[in-house]
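One-letter residues, chain by chain:
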Amino acid sequence: MLGICSRTFAKPFLKPAYSLAKPFIARLQVRSIMADSAFKKVQIQRDDTVFDAYVVGKEDAPGIVVIQEWWGVEFEIKNHALKISELDSGYRALIPDLYRGKVGLEVAEAQHLMDGLDWQGAVKDIRASVNWLKANGSRKVGVTGFCMGGALSIASSVLVPEVDAVVTFYGVPSSELADPAQAKAPIQAHFGERDNFVGFSDVTAAKALEEKLKVSGVPHEVFFYPGVGHAFMNSSSEGKKRRKSMGLEDVDEAAVELAWSRFCSWMSQYLSP
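Everything numeric in this text was worked out from a predicted model, so none of it was measured.

Student: How should I be thinking about the sheet that holds strand β4 (residues 92-96) in this particular structure?
Tutor: Each strand in a sheet pairs with another by means of backbone hydrogen bonds, the pair being arranged parallel or else antiparallel. The 8 strands lie next to each other as β1-β2-β4-β3-β5-β6-β7-β8, forming an open sheet whose pairing is mixed. Looking at which strands have only one partner, the edges of the open sheet turn out to be β1 (40-46) and β8 (220-225). For this sheet, the mean angle separating the axes of adjacent strands, direction not counted, is 20°. The strands touched by helix α6 (residues 148-159) are β3 (63-67), β5 (141-146), β6 (165-169) and β7 (187-192); relative to β6, the strand with the most contacts, the crossing angle is about 155°.

Student: Would you explain the nonpolar core in this entry?
Tutor: The tendency in soluble globular proteins is for nonpolar side chains to be buried as a group. Counting 87 residues, the largest nonpolar core has Val66, Ile84, Met148, Leu152, Tyr170, Met233 and Phe263 as its most contacted members. When residues of this core are assigned to their parent elements, the largest contribution, 10 residues, is made by helix α9 (residues 253-271).

Student: Before we go on, may I ask you to explain the pattern of salt bridges in this structure?
Tutor: Pairs may arise between side chains of opposite charge once their charged atoms sit close together. Counted according to the given criterion, the structure contains 11 salt bridges. For Lys124, the salt bridge is made with Asp47, and the minimal N-O distance between the two is 3.8 Å. On the criterion of sequence distance, the pair formed by Lys124 in helix α5 (residues 119-135) and Asp47 in the loop between β1 and β2 (49-56) is long-range, its members being 77 residues apart. We classify Lys124 as partly exposed; its relative accessible area is 44%.

Student: Would you take a moment to explain the packing of aromatic side chains for this structure?
Tutor: Aromatic ring pairs are defined here through the distance separating the ring centres and the angle between the ring planes. Applying the stated criterion across every chain, the model contains 10 aromatic pairs. The interplanar angle of 70° and the centroid separation of 5.8 Å between the aromatic rings of Trp70 and Trp71 together place this pair among those described as edge-to-face. Each member of the pair Trp70 and Trp71 is classed as buried. Grouped by ring-pair contacts, the aromatic residues Phe146, Phe169, Tyr170, Tyr225, Phe232, Trp260 and Phe263 constitute a single cluster. If you follow Lys78 out to its NZ or CZ, it ends over the ring of Tyr54, 5.4 Å from the centre.

Student: How do you make sense of the packing of α5 against α6 when you look at a structure like this?
Tutor: When two helices pack together, their arrangement is captured by the angle between the axes and the distance separating the axes. With their axes 10 Å apart at the nearest point, α5 and α6 run at an angle of 70° to one another. Between α5 and α6, the angle falls in the class roughly perpendicular. For the crossing formed where α5 meets α6, the hand is right-handed. For the pair α5 and α6, contact is made by Trp119, Ala122, Val123 and Ile126 and by Met148, Ala151, Leu152, Ala155, Ser156 and Leu159, respectively.

Student: Hey, could you run me through α5 in this one?
Tutor: The periodicity of an α-helix, 3.6 residues per turn, causes residues three or four places apart in sequence to face the same way. With 17 residues, α5 should reach 24 Å at 1.5 Å per residue; the first-to-last C-alpha distance of 24 Å fits that figure. Among the residues making up α5, those that are buried are Trp119, Gly121, Ala122, Val123, Asp125, Ile126, Ala128, Ser129, Val130, Trp132 and Leu133. N-cap assignment for α5: the residue whose side-chain oxygen lies 3.3 Å from the backbone N of Gln120 is Asp118.

Student: Would you mind going over the confidence of the model for the protein chain with me for this structure?
Tutor: Interpretation of the predicted coordinates at a detailed level should be avoided for regions scoring low in pLDDT. Averaged over every residue, the pLDDT of the protein chain is 88; residues scoring 70 or more account for 86%. Below a pLDDT of 50 lies the segment residues 1-34, which in the model reaches 86 contacts outside its immediate sequence neighbourhood of four places, other chains included.

Student: Teacher, can you tell me more about the side chain of His230 here?
Tutor: Checked against the element boundaries, His230 lands in the loop between β8 and α8 (237-245). Reaching out from His230, the side chain makes a polar contact with the side chain of Ser201 at a distance of 3.0 Å.

Student: What exactly am I supposed to notice about the environment of Gly90 here?
Tutor: Mapped onto the fold, Gly90 is located in the loop between α3 (75-86) and β4. Expressed as a C-alpha distance, the spacing of Gly90 and Gly57, which sit 33 residues apart in the sequence, is 6.9 Å.

Student: For this particular structure, what's the right way to read helix α4 (residues 107-115)?
Tutor: Taken together, the buried positions of α4 are Val107, Ala110, Gln111, Leu113 and Met114. In an axial view of α4, the angular spread of the buried residues amounts to 165°, which keeps them on one side of the axis. Opposite the packed face of α4, turned more than 90 degrees from it, sit the exposed residues Ala108, His112 and Asp115.

Student: Is there a simple way to think about the pairing of β5 in this case?
Tutor: On any regular strand, side chains alternate: one points to one face of the sheet, the next to the other face. The buried fraction of β5 amounts to 6 of the 6 residues, a majority that puts the element mostly inside the structure. Neither face of β5 is open: one carries Val141, Val143 and Gly145, the other Gly142, Thr144 and Phe146, and all of them are buried. Of the pairings in the sheet, the one linking β3 to β5 comprises 5 bridges and is parallel in character. Bridge assignment links Val66 to a residue of β5, and that residue is Thr144. Both β5 and β6 contribute to a ladder of 5 bridges, which runs parallel. Of the residues in β6, the one forming a bridge with Gly142 is Ala165.

Student: Any chance you could explain unusual backbone geometry here in plain terms?
Tutor: Generally, phi is negative for residues other than glycine and the peptide bonds are trans, each holding for most cases. The phi dihedral of Arg100 falls on the positive side, at around 55°, and the residue is not glycine. Even without a glycine there, the phi angle at Tyr170 is positive, about 40°. The buried category is assigned to Tyr170, whose relative accessible area is 0%.

So, how was this worked out
- Residues numbered from 1 in each chain as written.
- Predicted model: local features only at pLDDT ≥ 70, side-chain atom pairs only at ≥ 80, totals over all residues.
- Heavy atoms only, no water.
- Pairing = 2+ DSSP bridges.
- Helix = DSSP H or I, 4+ residues; strand = E, 2+ residues; numbered from the N terminus.
- Axes fitted to C-alpha atoms, helices over the stretch in contact; angles between N-to-C directions.
- Contact = heavy atoms within 4.5 Å.
- Core = buried A, V, L, I, M, F, W, Y, C linked by side-chain atoms within 4.5 Å.
- Buried < 20%, exposed > 50% of the residue type's maximum accessible area, 1.4 Å probe, protein only.
- Salt bridge = Lys/Arg side-chain N within 4 Å of Asp/Glu carboxyl O.
- Phe/Tyr/Trp six-rings, centres within 6.5 Å; stacked < 30°, edge-to-face > 60°.
- Lys NZ or Arg CZ within 6 Å of the ring centre and 35° of its normal.
- Parallel < 35°, antiparallel > 145°, perpendicular 65-115°, else oblique.
- Left-handed = near helix turned anticlockwise from the far one by under 90°.
- Expected span 1.5 Å × (residues − 1).
- Polar contact = N/O pair within 3.5 Å; in protein donor to acceptor, adjacent residues only side chain to side chain.
- pLDDT = per-residue confidence, 0-100.
- Arc of directions from axis to C-beta.

Shown next as structure tokens:
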């Protein structure tokens, strides 16, 4: 499972040439198609717009909105959602398509898509997704996200009153979007100690988040994983190859499994009937 994203990442991150060889792109497309068969596509309305979302899991299970990385709705976020749907006694996972069908295959494309994202609109999409799950069989609903989606999941704790719990991975929202000191839903957060995206997901940003969560008064946990960097949860075979091509070679399966076990404990605690 792979991905890397940035809100305002430093220029050096964008400079290296990043292009996937054609055979690798073909494998990514095949993997995405395979994952698609497990999902039901639904349409959700909010305000004056309609967006697609992808749902997997038991209809009467607790719901979890799964927020994409900067790539869009592609194989990695579907891998995460599939895994979440099978954890514990099962969850109903829903991925809202924040990019309205667009997917970045290369870093420059993903950066362009994220730069053009209406972040306030994305929060509205998340709220509509939470409410869709609650209207369709899920008594309680959590939100989780990775990188860009991690920042948005924290924002949902501040701005979406219907959220019952949040688990965020390596992403902190800008102060203009949401102040974590105003969080209302319990938050568990995960960061790699070698994450070097300053101000977004590095250790300093993560510790600043922890201090703000103390001010909020909500239940919270912030975990740091030694020896791993950004996007360390993305450990599929395809993801490892893309990760390596981007200079991110630290893969620690033990850290991934530990993070998932903590995810399970948190969501079970706050989403169980």
